[in-house]
Each structure stands twice: as C-alpha cells, then as structure tokens.
Amino acid sequence: MKTEKITVYVNDKPNKLFFGLRVKHAIGARWTQRVKTHHATVRDADGNSIDVDGALYDGERLYLAPMNPKMFADEAQKRA
Amino acid sequence: MSKPIIVLIACLVLILVACASTTPTPVPPTPTPPPPTPAGPLTVTLLHTNDMHGYLEGEKMKGGDGTVFEFGGIPTALGTIARLRQEAPGPVMVFDVGDLWVGTFASNRDQGKTTIAAMNLIGYDAMTLGNHDFDQGVDVVKARAAEAKFPILIANIVEVASNQVPGWAKPYIVKEVGGIRFGIIGLGYAGTPAISSKVKELQVFKFVDELETAKRVLPEVKGKADIVVVVSHAGFDRDQLIAAAVPGIDVIVGGHTHAELRQPKVVGNTIIVQAGAKGQAVGKLELKIDPATKKVVDYTKNNALVSAVSNKAATPPEVTEMLTKVIADGRAATARVIGETQIDLTRAYTADGRSTGEYPSGNLVVDAMLWANQAGDKPADLAMHNNAGIRTDIPKGPITYGKLYEMLPFDNVLTAMDLTGAQIKAILEIAASCPRVNTLIAGMSFAYDCSKPGGQRVSKMMIRGKPVEPDKVYRVQTIDYLATGGDGQTPFKEGKHLIYGEPVVDVVAAYVAKNSPVNPKVEGRIVETK
C-alpha cells in the first residue's frame with residue numbers, strides 16, 4: 001500500500017497530493033469542468049496538452065490557460 | 001592454273017572462312033555494370049493509441065463550416081488507423097499502450113471483448129497492459145489475451161510462482177517489416193498494485209520496475225533486432241528516465257499520463273511519443289530507415305498526432321456495428337431495475353438551499369461504502385462522503401443504474417485510509433460550518449452545536465458504538481475527491497495507507513442489488529444540539 005505524497009505544480013504553485021491521483025484532482029473541479037468543455041487547456045512544461053484523467057507524477061508541472069471553445073472543433077478538423 | 005588447283009584453293013578459302021565464322025571473335029569483356037543506386041530510406045509508420053478507457057463514443061461536435069462529427073472515441077480512432085494505413089507510404093505497425101476498455105459503463109459491461117475483436121479487424125500488431133486493464137481481474141485479462149490476434153507484451157510482470165512472464169503474454173517479439181527486424185518490448189505500469197482495486201488478486205504477480213526491466217531485456221532484444229521499440233505504460237516521466245538510462249532504444253511509445261505529444265520528445269537517441277487519451281488522437285510516427293545500415297535516419301518531428309474525427313475516419317462498417325451494439329446494450333442495462341427503495345431517497349437542505357446533514361440518499365451511499373471493502377484491505381470502521389456529491393433524489397420504488405448514476409455523476413472512487421480520532425474530529429469540525437453540516441457518515445455518530453465557535457462545535461463522537469479516542473487509528477472509507485482535501489477537508493490529506501477501490505456508483509449499485517429493498521432512514525447519526 002503506497003501512501004507517498006507527490007508534489008505537482010499547478011501554474012507554478014506546489015500542490016501535495018497522494019500518489020495515484022489524477023490531473024483533475026490537482027487542478028480542481030472548476031478547472032476540470034472548464035477543460036472538459038474546451039473553455040480551458042491544461043498543458044505540461046513542454047506545452048503538451050494533458051487530459052484531465054491522466055496520471056500525475058512527482059514534480060509534474062501543469063499550466064492552465066483559458067481557451068476559446070469555438071475554435072476547438074475547427075482545430076480538431078485541421079489536425080485530422 | 002589448273003582446275004584441280006583452283007578447287008583446292010577454293011576449298012582452303014572456304015575452310016578458312018568456316019573456321020573464322022566458328023571461332024568466336026574475342027570481344028572485349030562486357031563492362032561491369034555500375035553498382036545499383038542504393039534505394040532511398042524505407043519509411044515504416046508506427047501508429048499508436050493509448051488510454052482509450054472504453055470510450056466507445058466520442059464527443060459530438062460541429063465545426064465552423066457546419067460539419068457535424070464525432071471527436072474521439074474508439075470507433076473513430078480505429079477508423080483513423082484504417083485511413084492512415086491506407087495513406088502510409090510504406091509498411092505500418094500498430095500498437096496500443098493499455099488502459100484500453102475500463103472507464104465507461106458500456107465498455108465495463110462488455111469487459112473489452114468487443115473492443116479487442118474490433119482491434120483484430122483493424123490489425124493491431126501488439127499491445128501492452130495498463131494498470132486499469134487489471135481492474136476487472138486477471139481472468140478477464142487472460143480471456144482478452146486469448147481472443148487478441150496480436151500479442152500482449154509485458155516484460156515487467158512475472159508470476160511469483162514461476163518468476164516468468166505469464167503464459168498469456170510475452171516480454172517481447174521480433175517482427176520483420178520491410179526487411180528490417182523490429183524488436184518490440186512491452187512494459188506495464190510497475191505501480192499497478194499500489195493503485196489498483198484488485199490489490200489482493202494481483203499478489204500472484206510481481207510488478208518489476210520498468211527501468212530495471214528495460215536494462216535487463218534490451219541486450220537480448222538488440223541481439224535479434226535492428227530497431228527497438230518499447231511500448232510502455234510507465235508514464236511520460238518514467239519513459240524519459242528510461243530513455244536517458246537505457247541507450248539503444250529507438251522509440252518509446254507511451255501512455256498512462258495522457259499526454260498529447262504533437263512533437264515527439266527526444267531523449268538521447270530515443271524518440272518518445274504518446275497519443276493523449278480516449279481515442280481523441282492517433283499517434284503517427286514515420287521512421288525513415290537506411291536499408292543498408294538499418295538505422296533510423298529521420299522521423300516525424302511535427303504533427304505526430306492525428307486527431308480522430310469521424311468524418312475523416314475509415315471505420316469499417318463491421319467495427320461500427322459491433323461497437324454500436326455494445327453502446328446500445330449498455331444503455332438498455334442502465335434502464336434495468338437493480339433493486340428497490342422502500343422510502344424516497346431525498347436530501348435535506350439549509351434555508352439557503354444547500355444539502356446538509358443526514359438524509360436518506362446520503363445514508364444509502366455511505367452505508368454502501370461501509371459495506372464495500374477493497375480486496376485485501378481490512379474492514380473499514382466508518383465511511384464518509386460529502387453532501388455536494390449527491391446530486392439528485394430517487395423516489396420510492398424501483399432503482400436503476402441510470403438513476404444511481406444521475407445521483408452520483410462525479411466518477412468518484414472509493415478510497416480507504418487510516419485516520420486518527422483527532423483527525424476525524426478535525427474533519428467533522430470543518431464539516432460543521434453552520435448552518436450547514438457538510439458530511440455524510442456511516443458507522444459513526446456525532447453531535448454539533450452551532451452556537452459554539454468554529455472548531456469547537458463537535459461532540460459525542462462515537463464509532464461503532466464506542467467513544468472516539470483521539471490517538472486511536474481508524475480505517476476510514478471515503479472518496480478520492482475528499483482524499484485531495486476537497487471541500488476544504490485538508491485533514492484527509494494526512495491519511496495513511498491508502499487503497500483505491502471501485503467507483504462509488506458501482507459500489508452503491510452492488511449494495512442495492514444485494515440488499516434490496518433498501519430503507520436508509522434518517523436515524524440520528526448527525527444531531528444538532530442547542
């Protein structure tokens with residue numbers, strides 16, 4: 001049984017969480033809902049978009065930013 | 001000259017001519033043709049999916065031009081693979097990196113059987129297993145492995161009894177594609193037992209560190225292959241560590257962390273890729289390989305992900321049909337009655353309309369949580385849930401899974417932990433924010449007095465009929481949301497010996513089915529004193 005705490009940085013602010021939790025636990029319910037409805041994005045330090053159900057790792061840096069949801073569908077088509 | 005002499009001379013001439021015509025005239029040797037110009041690099045395309053989590057349906061969308069389409073989902077992802085295969089300039093290999101079928105009601109019910117069948121039709125080459133692929137037990141994994149027409153690769157899981165990779169899997173394969181031998185190694189998530197709801201069942205396996213396994217297996221694979229691909233559910237962080245510590249891996253196809261790597265990450269000489277999650281993208285990595293040296297000389301540096309949109313996917317009709325049936329069966333199942341309640345499952349409210357304190361629907365949920373017990377864990381002493389997590393009422397009468405899901409829509413999972421009596425009191429003091437009491441409890445009772453200052457309102461705490469002792473350790477069944485300190489409940493973050501369990505809605509459904517008809521009356525677990 002693992003009870004380690006990991007530290008995840010959300011917009012550079014540290015957040016200690018139990019190992020095994022997910023991105024949505026680190027960013028909170030409000031931001032999770034915004035990401036799910038494409039009103040926001042969550043990205044890692046390399047700028048990669050991260051799904052809210054992704055596993056967290058110690059030292060991970062997540063950056064939240066608002067997004068225009070109207071662009072999402074067109075972006076998906078462009079990248080298809 | 002006499003006639004005979006003329007004839008003789010003529011014969012001699014004829015003989016000479018004949019000899020000349022039969023004796024090959026020496027000709028200069030044909031010049032050696034120049035060596036053939038070497039063929040250009042061979043392009044082998046790796047297509048990959050990861051963490052599709054049973055998303056049998058994508059998200060309905062409408063583009064600015066009015067195009068209506070589905071974004072993501074397994075059928076669209078598989079159709080995107082089919083299309084990309086057709087478009088590829090050379091040979092193609094297709095991989096999945098695990099966490100494939102657990103995650104939605106319909107897919108959970110199907111236990112991944114139809115998804116594997118669909119992947120067989122699309123033509124996957126190999127797959128590794130993610131932590132959630134074990135959520136329904138080892139027998140389900142074995143059944144899926146038997147049905148798959150591609151190997152399950154997982155070099156870092158061994159049976160404790162034999163110290164060997166289980167018979168239904170392989171550590172690696174070597175596959176020749178376009179004259180190039182590809183060694184494909186599978187790595188599962190070594191931390192699976194720490195976060196799995198099947199912790200006891202998984203004790204038959206030893207989950208070995210991914211990096212340690214990669215170091216051990218690579219030399220053997222290098223001896224048989226020109227190019228090494230690792231299909232890894234270790235997570236993006238671990239993949240980078242593996243790439244840095246284990247030179248000689250050409251590509252790591254990753255998962256677990258749900259990262260969309262539109263540009264591959266290169267660590268040392270290793271190309272790392274990952275395709276997000278939920279079938280929303282298919283990874284497409286083109287490797288240009290020198291046929292002479294059999295080394296990768298170039299690769300996709302941008303646009304290594306292709307969005308899965310239904311209007312551009314080439315999903316075979318039989319794949320659509322089979323997966324649509326699973327969705328339809330799931331919908332029908334949510335409408336089936338699983339039990340009955342003898343009372344209205346309602347909530348109680350403060351004057352300003354916030355749910356508070358003890359009420360029937362809440363008692364049903366925490367009673368179910370207390371009843372459930374993660375395999376391998378000790379029985380819980382009490383269960384705690386927050387009020388805001390219960391979203392609807394269910395009237396007296398039949399209960400369906402669909403109604404339970406509306407009541408508990410947040411996909412919270414059971415989380416057991418040790419807390420001391422003092423920590424439990426701290427939690428209750430935060431809950432007693434007055435006039436609202438934001439906690440639901442089973443296995444315990446307490447009183448609160450809103451006339452007292454915050455932090456001093458809670459009294460008469462009893463667990464299993466005995467007064468709560470501040471230093472005693474209690475096993476508490478709660479939810480992952482509260483374990484993060486949700487609703488301001490920071491004492492939960494100090495819990496120890498966590499074990500994650502099943503989704504709460506599934507636990508409540510099982511409880512209702514087993515204990516129907518249910519009658520979760522208000523019985524004075526939370527009492528206001530004045």
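In this text the structure is predicted, and so the values were computed from the model without any measurement. (Residues numbered from 1 in each chain as written. Chains lettered and ligands numbered in written order. Predicted model: local features only at pLDDT ≥ 70, side-chain atom pairs only at ≥ 80, totals over all residues. Heavy atoms only, no water.)

Attention now goes to the overall build of chain B. The number of helices and strands found in chain B is 14 helices and 28 strands. In summary, chain B has a C-alpha radius of gyration of 34 Å against a globular reference of 24 Å for 530 residues, an excess of more than 25%. Within chain B, buried positions represent 54% of all 530 residues. For chain B, restricting intrachain contacts to residue pairs at least 6 apart in sequence, the fraction spanning at least 24 positions comes to 72%. Accessible surface, chain B: about 22200 Å² in total, of which carbon and sulfur atoms supply 57%. (Helix = DSSP H or I, 4+ residues; strand = E, 2+ residues; numbered from the N terminus. Rg over C-alpha atoms; globule rule 2.2 N^0.38 Å. Buried < 20%, exposed > 50% of the residue type's maximum accessible area, 1.4 Å probe, protein only. Contact = heavy atoms within 4.5 Å. Areas by Shrake-Rupley, 256 points an atom, 1.4 Å probe, with all protein chains shown as cover.)

Helix and strand counts for chain A come out as 2 helices and 5 strands. Of the regular secondary structure in chain A, the N- to C-terminal order runs β-β-α-β-β-β-α. By principal-axis analysis of the C-alpha atoms, chain A measures approximately 45 × 25 × 25 Å. A sequence separation of at least 24 residues applies to 52% of the contacts in chain A between residues at least 6 apart.

Residue and element names in this part refer to chain B. With mixed pairing, the 6 strands of this open sheet are ordered in space as β7-β8-β10-β11-β14-β13. The open sheet has two edge strands with one neighbour each: β7 (172-177) and β13 (265-267). Neighbour-to-neighbour, the strand axes of this sheet turn through a mean angle of 25°, independent of strand direction. Where strand β10 (residues 227-232) lies against strand β11 (residues 251-254), 4 bridges are found, and the strand directions are parallel. Within the sheet, the bridge partner assigned to Val-229 lies in β11 and is Val-251. Across the sheet, helix α7 (residues 210-222) touches β7, β8 (180-187) and β10, and the angle it forms with β8 is around 160°. Of the strands in this sheet, β8, β10, β11, β13 and β14 (270-274) are in contact with helix α8 (residues 236-245), which crosses β14 at around 170°. (Pairing = 2+ DSSP bridges. Axes fitted to C-alpha atoms, helices over the stretch in contact; angles between N-to-C directions.)

Its location among the elements puts B:Lys142 in helix α5 (residues 138-147). Residue B:Lys142 is classed as partly exposed on the basis of its relative accessible area, which comes to 39%.

Before going further, it helps to examine the environment of A:Arg34. Looking at the secondary structure, you find A:Arg34 in helix α1 (residues 23-36). Through-space distance from the C-alpha of A:Arg34 to that of A:Met67 is 9.0 Å; in sequence the pair is 33 residues apart.

Once that is clear, we can look at α5(B). Residues and elements named next belong to chain B. For α5, the set of buried residues is Val-138, Val-140, Val-141, Arg-144 and Ala-145. Taken down its axis, α5 places every buried residue within 160° of arc, on the same side. Facing away from the buried surface of α5 by more than 90 degrees, the exposed residues are Asp-139 and Ala-146. Looking at the buried side of α5, the elements it contacts are α3 (105-110), α4 (113-122) and β9 (205-207). (Arc of directions from axis to C-beta.)

What follows covers the pattern of salt bridges. Think of it this way: side chains of opposite charge can pair up when their charged atoms draw near. Here the structure, examined in full by the defined rule, presents 28 salt bridges over all chains. B:Glu210 serves as the salt-bridge partner of B:Arg238, at 3.2 Å between the closest nitrogen and oxygen. With B:Arg238 in helix α8 and B:Glu210 in helix α7, the pair connects residues that are 28 residues apart, well separated along the chain. Looking at B:Glu210, the relative accessible area reads 2%, which means it is buried. With a closest N to O distance of 3.7 Å, B:Asp418 and B:Lys378 form a salt bridge. Taken as a pair, B:Asp418 in strand β21 (residues 413-420) and B:Lys378 in the loop between α10 (360-371) and β19 (382-385) lie far apart in primary sequence, 40 residues in all. The buried category is assigned to B:Asp418, whose relative accessible area is 9%. One connected set of salt bridges, linked through shared partners, spans A:Arg22, A:Lys24, A:Asp51, A:Asp53 and B:Lys278. (Salt bridge = Lys/Arg side-chain N within 4 Å of Asp/Glu carboxyl O.)

Our next topic: the interface of chain B and chain A. Interface size is commonly expressed as the accessible area that is lost once the parts come together. Residue-level contacts link 47 residues of chain B with 32 residues of chain A. When chain B packs against chain A, the two sides together hide about 3200 Å² of surface, and 55% of this comes from carbon and sulfur. Ranking the residues of chain B by area buried against chain A places B:His258, B:Thr484 and B:Lys493 at the top, with a combined share of 14%. Put simply, chain B and chain A have 3 salt bridges between them. Residue A:Asp46 pairs with B:Lys265 through a salt bridge whose shortest N-O separation is 3.0 Å. On inspection of chain B and its partner chain A, the count reaches 16 residue pairs in polar contact (both at pLDDT 80 or more). (Buried area = accessible area lost by both parts, 1.4 Å probe. Polar contact = N/O pair within 3.5 Å; in protein donor to acceptor, adjacent residues only side chain to side chain.)

Turning our attention to the state of the cysteines. Residues and elements named next belong to chain B. Enumeration over the complete set of coordinates arrives at 1 disulfide over all chains. The disulfide bridge from Cys-434 ends at Cys-450, spanning 2.0 Å between sulfur atoms. Here the S-S torsion is close to -85°, and the disulfide linking Cys-434 with Cys-450 is therefore left-handed. Note that Cys-434 is positioned in the loop between α12 (421-431) and β22 (440-442) and Cys-450 in the loop between β23 (444-448) and β24 (458-463), a separation of 16 residues in sequence. (Disulfide = S-S within 2.5 Å.)

Let us look at the packing of α10(B) against helix α14 (residues 504-515) of chain B. Residues and elements named next belong to chain B. It is the contact of α10 with α14, at a shortest axis distance of 9 Å, that shows an interaxial angle of 90°. Taken together, the axes of α10 and α14 lie roughly perpendicular to each other. Facing α10, whose interface residues are Leu-364, Val-365, Asp-367, Ala-368, Met-369 and Trp-371, α14 presents Val-504, Val-507, Val-508, Ala-510, Tyr-511, Val-512, Lys-514 and Asn-515. Taken together, the residues of the contact of α10 with α14 sort by class into 11 nonpolar, 1 polar and 2 charged. (Parallel < 35°, antiparallel > 145°, perpendicular 65-115°, else oblique. Nonpolar A, V, L, I, M, F, W, Y, C, P; charged D, E, K, R; others polar.)

The next point concerns the packing of aromatic side chains. Inspection of the entire model under this criterion finds 8 aromatic pairs over all chains. Here A:Phe72 and B:Phe71 contribute two aromatic rings whose centre-to-centre distance is 5.3 Å and whose plane-to-plane angle is 80°, an arrangement assigned as edge-to-face. Of this pair, A:Phe72 sits in helix α2 (residues 69-78) while B:Phe71 sits in strand β3 (residues 68-71), placing the two residues on different chains. With relative accessibility at 5%, the residue B:Phe71 sits in the buried group. The cationic tip of A:Arg34 hangs over the ring face of A:Trp31; the distance from NZ or CZ to the ring centre is 4.6 Å. The cationic tip of B:Lys301 hangs over the ring face of B:Tyr299; the distance from NZ or CZ to the ring centre is 4.5 Å. (Phe/Tyr/Trp six-rings, centres within 6.5 Å; stacked < 30°, edge-to-face > 60°. Lys NZ or Arg CZ within 6 Å of the ring centre and 35° of its normal.)

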